[in-house]
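Understanding the architecture of this molecule
Read off the chains here:
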Amino acid sequence: MTSLDDLIGRTEHNSLFARLTSVPVFWVILAALVACIALTLLTDTFATQRNLFNVLRNFTFVAIIAIGMTVVIASGGIDLSVGSTVVLSAMVLSVLMTGGWSFAFAAIAALTAALAVGAFNGALIAYAGMPPFVVTLGTLSGARSLAMVLSDNKMIWEFGPDHNLLLWLGGGSTLGLPHPTFALALLAIAASLILRWTRWGQYVYAIGGNEQAAILTGIAVKRQKVTIYMFSAFTAGITGILMTGWLGSVTTNLGQSMELAVIAAAVIGGANLAGGEGTPLGAVLGALLIEVIRNSLILLGISTFWQGMFIGTFIIVAVAFDRFRNART
Amino acid sequence: MSRLKLENISKNFGAIQALSGVSLEVAPGEVLGLMGDNGAGKSTLVKIIAGNFPASSGEIRIDDRSTHFNKPLDAQTAGVEIVYQDLALCNNLTAASNVFLGREAMRRFGPFRMLDYPTMNRRAADLFKQLKSETRARDVVRRMSGGQRQAVAIARTLLSEPKIVLMDEPTAAISVRQVAEVLDLIRRLRDRGISVIIISHRMPDVFGVADRIAVMRRGRLVASKATATSSPEEVTGLITGAIEAA
């Protein structure tokens, strides 16, 4: 016999299907799977090792930043400056390495520059109370300009004594997987654990859910916001370093309008722009789905001019789907 | 013995005298209904008790010990908890997470400290059981009724074994059935020996649950009497000024 307490204690979702479909990223996984299966059947080029390798490497960079973006969006903010932070980090790295510095030193300097952008964003948003959209729009412009000043707007393709190390790190592969993918996996796991099991993670969602309540319960909301924007800048900084190694050269248009792809990936992956929702796994899957769509259009011989239309449709469908799901419950 | 004793509390914001010479006592396990028109000074008084700002003059004594609050945390440590009118809940988090927000239970995992969800869920479920509320600790607050939300907000105050719970308009903007639920919750607090101060505009709710009613008008306390010896008509008169004092 079940007592009343048992009934109260029982969760609402009983069937496995209901439980599965309530997971926000379920439909993204399903869509990605369907697309992959369809492409495997329709083309004989999709399921080749070479193509899958390319898909993997192409989506990795957007996915890494999408993890950082998801945290920002889950806290109720937005970070438009990530694309410019990528180029700033890449330029600091390249200029220092060309100047003869070691990779380790240049990489630390590049990450420091990226973190400085994040700290600047966070400080203005948290302490000056400025809207994230405006602040990061400002740094979007400023950080890229700084990268131009730093490099005199020249292309850099020689990276001093650690040249080969950098190219190996960004462009090489181990066990058949491109190196940036390892960085992505590591970051996705770390971010998932942090968001789920630490106070910092809990407060990200609390601030996104009800910032006023978070303040009233004594959470250090301002300090937390600064660290949130520093985290997203950190993911952009890492990406800048890896992209430099992958491309083997840097120009100041690196990462241009990347923020849009990143936000799209985060949103498709279930991040709610109103705050309070979003997971690293969703962000990674969102980025993967975008790349699979892009790849499939190329393989199916559809004009690349249609890419934007397909991805745009997907963003809108994903958000519409989310609204529909929430309206029912 | 009095749980809370206010002696000659005055507060002025510049030239504006918000409170003048308010003296009030609340016994342990007593429910006090604080009534008054908009601008009568109810919120100011409650904010002083909750430590949001200090009084210009006068003294607050809790359990006959003089206290001085500089910030809300001081009041919390002294055993004063507040339930805000909008409840200050995060809709996207579970009931248990809301109850523990800002004071999460942690456990060690090797060198790391991680959130202890099992303990938080268990303790939250325990608090809801004490409040006899059908609220599931693991459920997301977004999907809860007004009464369940109140239960979450009240359970949060119970976490620290408070002496005094202040409630700002707990029955505004919820359905009739949920009002009954919330009044029950308030009685449960009283049964545990907690003193409750309710600010409310709703006469029937105050008369339904309060042991004593205090009426404020233009920064002064014009009445503080047992509910049984008063009537809604008298209180209305006191609020509007038709009756000078009682």
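Residues numbered from 1 in each chain as written. Chains lettered and ligands numbered in written order. Predicted model: local features only at pLDDT ≥ 70, side-chain atom pairs only at ≥ 80, totals over all residues. Heavy atoms only, no water.

1. Comments concerning the overall build of chain A
Definition in use: Each helix is a run of H or I in the DSSP string that is no shorter than four residues. Each strand is a run of E no shorter than two, and both are numbered from the N terminus. We compute the radius of gyration over the C-alpha atoms and compare it with the globule rule, which gives 2.2 Å times the number of residues raised to the power 0.38. For accessible areas, the Shrake-Rupley method is used with a probe of radius 1.4 Å. Any residue's cover is judged against the shown protein chains and nothing else. Charged residues are defined here as Lys and Arg on the positive side and Asp and Glu on the negative side; His and the ends of the chain fall outside this count. Here the site of a charge means atom NZ of a Lys, CZ of an Arg, CG of an Asp or CD of a Glu.
Broken down by element type, chain A carries 15 helices and two strands. Taken over the C-alpha trace, chain A has a radius of gyration of 21 Å; the compact-globule value for 329 residues is 20 Å, and the two agree within 12%. The principal-axis extents of the C-alpha atoms in chain A amount to approximately 75 × 55 × 35 Å. Entry remark: accessible area of chain A is about 15400 Å², with carbon and sulfur atoms responsible for 69%. The centroid of the 15 positive side-chain charges in chain A is displaced by 3 Å from the centroid of its 13 negative side-chain charges.

2. Some words on the UniProt feature "domain: ABC transporter" (unreviewed entry) in chain B
Formally: UniProt positions are given in the numbering used here, feature names are shortened, and annotations may be inferred rather than shown by experiment.
With numbering aligned to this structure, UniProt lists the feature "domain: ABC transporter" (unreviewed entry) at residues 4–243 of chain B. Here residues 4–243 of chain B is 32% helix and 30% strand, with 27 Å between the C-alpha atoms at its ends.

3. A word on the sheet that holds strand 9 (residues 164–168) of chain B
Residues and elements named next belong to chain B. The condition that has to hold: Two strands qualify as a pair provided that DSSP identifies no fewer than 2 bridges between them. Orientation is described by axes fitted as lines to C-alpha atoms, over the contacting stretch for helices, and by angles from 0 to 180 degrees between their N-to-C directions. Residues count as neighbours in contact if any of their non-hydrogen atoms are within 4.5 Å of one another.
Taken in spatial order, the six strands make up an open sheet running 6-9-10-3-11-12, and their pairing is mixed. Of all strands in the sheet, those bounded by a partner on one side alone are strand 6 (80–83) and strand 12 (220–226). For this sheet the average axis-to-axis angle between neighbouring strands, irrespective of direction, equals 20 degrees. Note: strand 6 against strand 9, four bridges, orientation parallel. Among the inter-strand pairings, E81 is bridged to a residue of strand 9, identified as V165. Each of strand 3 (31–36), strand 9 and strand 10 (195–199) touches helix 6 (residues 176–191); the most contacted strand, strand 10, lies at about 150 degrees to it.

4. Looking at the interface of chain B and chain A
Here is the rule: Two parts lose some accessible area (1.4 Å probe) when they are put together, and adding that loss for both gives the buried area. The salt bridge criterion pairs a side-chain nitrogen of Lys or Arg with a carboxyl oxygen of Asp or Glu, the two atoms within 4 Å. Here a polar contact means two N or O atoms within 3.5 Å. Within protein one must be a hydrogen donor candidate and the other an acceptor candidate, and residues neighboring in sequence count only if both atoms are side-chain atoms.
The interface is formed by 26 residues belonging to chain B together with 24 residues belonging to chain A. Taken over both partners, the interface formed by chain B and chain A buries close to 2300 Å², and the fraction arising from carbon and sulfur atoms is 55%. On the chain B side of the interface with chain A, the three residues burying the most area are Y117, R136 and R143 of chain B, jointly 23% of the side's total. Salt-bridge contacts for R142 of chain B lead to E277 of chain A; the nearest nitrogen and oxygen are separated by 3.2 Å. On the surface where chain B and chain A come into contact, there are nine residue pairs in polar contact (both at pLDDT 80 or more). When residues of the side of chain B that touches chain A are traced back to their parent elements, those giving at least two are strand 7 (106–109), strand 8 (112–115) and helix 4 (117–130) of chain B. Top element by residues in the side of chain B that touches chain A is strand 8 of chain B. It accounts for three residues.

5. So, the packing of aromatic side chains
Centre distance and the angle of the planes are the two values used to describe a pair of aromatic rings. To be explicit about the condition: Think of it this way: a Phe, Tyr or Trp ring, Trp meaning its six-membered ring, pairs with another when their centres are within 6.5 Å, and the plane angle makes it stacked under 30 degrees, edge-to-face over 60, tilted otherwise. Look at NZ for Lys and CZ for Arg. If either is within 6 Å of the ring centre and within 35 degrees of the ring normal, a charge sits over the ring.
In this structure the tally under the stated criterion is five aromatic pairs over all chains. Plain terms: the ring middles of W197 of chain A and Y117 of chain B are 5.2 Å apart, the flat faces sit at 70 degrees to each other, and that makes the pair edge-to-face. Within this pair, whereas W197 of chain A is found in helix 9 (residues 179–197), its partner Y117 of chain B is found in helix 4, the two belonging to separate chains. Plain terms: the ring middles of W200 of chain A and F231 of chain A are 6.2 Å apart, the flat faces sit at 70 degrees to each other, and that makes the pair edge-to-face. Of the two residues, W200 of chain A is situated in helix 10 (residues 199–209) and F231 of chain A in helix 12 (residues 221–247); the sequence distance between them amounts to 31 residues. It is R196 of chain A that lies over the ring of W197 of chain A; its NZ or CZ is 5.1 Å from the centre. Across the ring face of Y117 of chain B, the terminal group of R196 of chain A is positioned such that the distance to the ring centre comes to 4.2 Å.

6. What to know about the nonpolar core
Worth spelling out the cut-off: Take the buried residues of types Ala, Val, Leu, Ile, Met, Phe, Trp, Tyr and Cys, join any two whose side-chain atoms come within 4.5 Å, and each joined set is a nonpolar core. For the exposure calls, accessible area comes from a 1.4 Å probe over protein chains only, and a residue counts as buried if that area is under 20% of its type's maximum, exposed if over 50%, partly exposed in between.
Counting 88 residues, the largest nonpolar core has I67, L93, I241 and M258 of chain A as the members making the most contacts within it. The biggest single contributor to this core is helix 4 (residues 49–74) of chain A, with 13 residues. Non-local contacts of I67 of chain A, meaning those with residues more than four positions away in its chain, are made with L184, L187, A188, A191, F231, P280, A283 and V284 of chain A. Formed by 50 residues, the second largest nonpolar core is a distinct cluster that contains A96, L127, A137 and V209 of chain B.

7. Remarks on the pattern of salt bridges
Residue and element names in this part refer to chain B. The tally for this structure, following the rule as stated, stands at 18 salt bridges over all chains. Note that R61 and E59 form a salt bridge whose closest N and O atoms lie 3.5 Å from each other. Note that K163 is salt-bridged to D63, the shortest N-O span being 3.5 Å. Residue K163 is found in the loop between helix 5 (146–158) and strand 9, and its partner D63 is found in the loop between strand 4 (57–62) and strand 5 (65–67); the two are separated by 100 residues along the sequence. Taking relative accessible area as the criterion, D63 reaches 21% and is therefore assigned partly exposed. Through salt bridges with shared partners, a single network forms among R3, D63 and K163.

8. What about the UniProt feature "transmembrane region" (unreviewed entry) in chain A?
Residue and element names in this part refer to chain A. The sites that UniProt annotates as "transmembrane region" (unreviewed entry) are residues 25–47, 59–78, 90–117, 124–147, 167–195, 226–248, 260–290 and 297–321. Between the end C-alpha atoms of residues 260–290 there is a gap of 12 Å, over a span that is 65% helix and 0% strand. Structurally, residues 297–321 is divided into 72% helix and 0% strand, and its ends, taken at the C-alpha atoms, are 23 Å apart.

9. Quick notes on the side chain of T171 of chain B
Residues and elements named next belong to chain B. Within the secondary structure layout, T171 lies in the loop between strand 9 and helix 6. Here the side chain of T171 touches D205 through a polar contact of 2.8 Å, side chain to side chain. With sequence-adjacent residues up to four places away left out, T171 is seen in contact with V179, V182, L183, S200, R202 and D205.

10. Details of the pairing of strand 12 of chain B
Judged from the six bridges that link them, strand 11 (residues 212–217) of chain B and strand 12 of chain B form a sheet pairing that is antiparallel. For R212 of chain B, the partnering residue across the bridge sits in strand 12 of chain B and is A226 of chain B.

11. Observations regarding a nonpolar patch on the surface
The test is simple: Nonpolar side chains (Val, Leu, Ile, Met, Phe, Trp, Tyr) within 5 Å and like charges within 9 Å form the patches, drawn only from residues with over 30% relative accessible area and no salt bridge.
A cluster of nonpolar side chains, contributed by L42, L300, I302, W306, M309 and F310 of chain A, occupies part of the molecular surface with about 610 Å² of accessible area. With respect to the element layout, M309 of chain A can be found in helix 15 (residues 307–328).

12. Points about the sheet that holds strand 1 (residues 4–13) of chain B
All names here are of chain B. The four strands lie next to each other as 2-1-4-5, forming an open sheet whose pairing is antiparallel. Each edge of the open sheet is held by one strand with a lone partner, namely strand 2 (16–26) and strand 5. Neighbour-to-neighbour, the strand axes of the sheet open up by a mean angle of 30 degrees, direction not taken into account. Each of strand 1, strand 2 and strand 4 is contacted by helix 1 (residues 42–49), which is oriented at about 115 degrees to strand 1, the strand it contacts most.

13. A few points about the side chain of E291 of chain A
Position of E291 of chain A relative to the elements: it lies in helix 14 (residues 280–299). Setting aside residues up to four positions removed in sequence, E291 of chain A forms contacts with V55, N58 and F59 of chain A.

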